[in-house]
Amino acid sequence: MFLPELLNLSEDISTFLPPREIINLTIMNFRLIPAISATIALCAPLSAQKFDNLAQTPPMGWNSWNIFHVNIDEQKIMAMADIIVATGMKDAGYEYLVVDDGWEAMSRDEEGNLVPDPAKFPRGMKIVADYVHSKGLKFGIHNCAGNKTCNGMPGGRGHEYQDARLYASWGVDYLKYDWCEHGTADARETYKTMRDALHAAGRPCVFSLCEWGENKPWLWARDTGHLWRTTGDIRACRTCTGEWDMGWEIILEKQADLAPYAGPGRWNDPDMLEVGNGLPENEARAHFSLWCMLAAPLMAGNDLRTMTPQTLKILTNREAIAIDQDVLGRQGTRFANQPGHQTWIKELANGRWAICYYNSTTETGQFVATWENMYFMDRSKTYAIRDIWAAKDLGTTATAASVEFDIPPADVVLLVLTPTK
Ligand code: GAL
């Protein structure tokens, strides 16, 4: 067999080599061929895929956008890294520190490289990434698939491979890729190009698509990114709306049918957390609980320097986080939706279930958990009932046929049911 055929080369090297050389090559390297073929077989598809085995549970971390917008700088970012560690957030699972829009200078350098804003990041981004890494955290950055970011800074379009190499050289572990100024670009192709560029740059990197759900990324992005935004931006309120942004309950509503598309390495992203950004405590607890039920990425978005003990308590509730991070990777679904009284359920590993009762009305509501109506549970089993926010065991499903909860407005009761023998 001829060498190009044996190696399955797309380009016939016989056009570059005289026949005699090819014969010699074929004979001399015959024993190398299996190894070369294997390498080529491995390399070809590898350059056109996302990094596997990342984000096997929803990514957790902190992102600068919700609270600081473009008002970021080296000191602030480094301070956040310190606090994530000092407050126990890191131990609770917050891992990625992501610098959002606003880190760049307004133009690329003469070689077309992105340049950090010299006033905000005078020592460049690598030093920030190194600092974040020295704290045992991972470093993330933001850019945009279009010509410019939403704040007018250089976007990645046409520079994907160059930018990916730069990010890799800085030690970037997570790229959030936005969708402003995309013109007539095709979302699937554009995001695939950046996926391939990141892969070719060789540093494992979580790829977070931020095209606001415009092109229904849940239908096509599972092989492109590790998470994809499903809506426009979140706002620190429950039901308010703006031109581009909306309260968390409105976002919640838009997640109800998306559960089948999520799983390890591919998450629906209902946007970052607004816990600690002015929501009343009950709303913050409800928002956080429901994001956990959705297996949402948990990216805190508050100023950690001024965080109250209540905010920290919500953000670091280990049992709530365990629901989000459960290894099965199931996104929760809405089991019942009576006016203002929502019941969300999420299957967990080892036959357990999480149930979240959410009172979206303006009055205290009575919710009754009647076990025989919970047809998703295994009827041959008895379950231990754990109330997560009360941090209390409530007996078992055999103790009483139902349990009642009076839930204040805009608040939740979050339960985990664990089968007993
Ligand atoms: C939006 C994005 C926000 C934030 C902002 C930065 O498009 O949804 O999360 O990244 O851009 O300009």
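Everything that follows concerns the structure shown earlier in this document.
Residues numbered from 1 in each chain as written. Predicted model: local features only at pLDDT ≥ 70, side-chain atom pairs only at ≥ 80, totals over all residues.

Caption draft 1: Region of the structure containing the overall build of the chain. Scanning the chain from N- to C-terminus turns up 13 helices and 18 strands. A burial count over the chain gives 43% of its 421 residues as buried. Counting only contacts in the chain whose residues sit at least 6 apart along the sequence, the fraction spanning at least 24 positions is 70%. (Helix = DSSP H or I, 4+ residues; strand = E, 2+ residues; numbered from the N terminus. Buried ≥ 20, exposed ≤ 12 C-beta atoms within 10 Å, placed from the backbone. Contact = placed C-beta atoms within 7 Å.)

Caption draft 2: Layout of the site of the ligand. Near the ligand, the surroundings consist of Trp65, Asp100, Asp101, His142, Thr149, Cys150, Asn151, Asp178, Cys180, Cys210 and Asp233. Class assignment of the residues belonging to the shell around the ligand gives a composition of four nonpolar, three polar and four charged. (Near = placed C-beta within 6 Å. Nonpolar A, V, L, I, M, F, W, Y, C, P; charged D, E, K, R; others polar.)

Caption draft 3: A look at the sheet that holds strand 4 (residues 174-178). As summarised here, the arrangement of the eight strands in space is 9-6-5-4-3-2-1-10, forming an open sheet in which the pairing is parallel. Two strands in the sheet have a free side with no partner beyond their single neighbour: strand 9 (267-269) and strand 10 (298-300). The mean angle between the axes of side-by-side strands here comes to 25 degrees, regardless of whether they run parallel or antiparallel. Note: strand 4 against strand 5 (residues 206-209), four bridges, orientation parallel. Its bridge partner lying in strand 5, tyrosine 177 is registered against leucine 209. On the sheet, helix 5 (residues 74-86) packs against strand 1 (60-63) and strand 2 (96-99) and is oriented at approximately 165 degrees with respect to strand 2. (Pairing = 2+ DSSP bridges. Axes fitted to C-alpha atoms, helices over the stretch in contact; angles between N-to-C directions.)

Caption draft 4: Molecular detail of the sheet that holds strand 11 (residues 333-338). Pairing is antiparallel in the open sheet, where six strands are placed in the order 11-12-13-18-15-16. Because the sheet does not close on itself, it has two edges, and the strands there are strand 11 and strand 16 (392-396). Across the sheet, the mean angle from the axis of one strand to that of its neighbour is 20 degrees, orientation sign disregarded. When strand 11 meets strand 12 (residues 341-347), the two strands line up antiparallel, connected through five bridges.

Caption draft 5: Structural context of the pairing of strand 13 (residues 353-359). Where burial is concerned, most of strand 13 is hidden: seven out of the seven residues are buried. Burial of the side chains of strand 13 extends over both faces: Trp353, Ile355, Tyr357 and Asn359 are buried on one face and Ala354, Cys356 and Tyr358 on the other. The pairing of strand 12 with strand 13 spans seven bridges and is classified as antiparallel. Across the sheet, threonine 343 pairs through a bridge with tyrosine 357, a residue of strand 13. From the end of strand 12 to the start of strand 13, which pair antiparallel, there are five residues, and asparagine 350 there has a positive phi angle of about 60 degrees.

Caption draft 6: Region of interest: the environment of lysine 135. If you trace the backbone, lysine 135 turns up in the loop between helix 7 (126-134) and strand 3 (138-144). Each C-alpha atom of the pair lysine 135 and lysine 90 lies 9.3 Å from the other, and the pair is 45 residues apart in sequence.

Caption draft 7: How the structure looks around the nonpolar core. Counting 101 residues, the largest nonpolar core has Leu97, Ala354 and Cys356 as its most contacted members. Ranked by residues supplied to this core, first place goes to helix 11 (residues 281-293) with seven residues. Residue-level mapping places this core at the junction of two domains, with at least three residues from each of domain 2 (60-324) and domain 3 (333-420). Setting aside residues no more than four positions away along its own chain, leucine 97 makes contact with Gly61, Trp62, Ile77, Met80, Ala81, Ile84, Val132, Leu137, Phe139 and Gly140. (Core = buried A, V, L, I, M, F, W, Y, C linked by C-beta atoms within 7 Å. Domains from an automatic or database assignment.)

Purely geometric numbers; function is a separate question.
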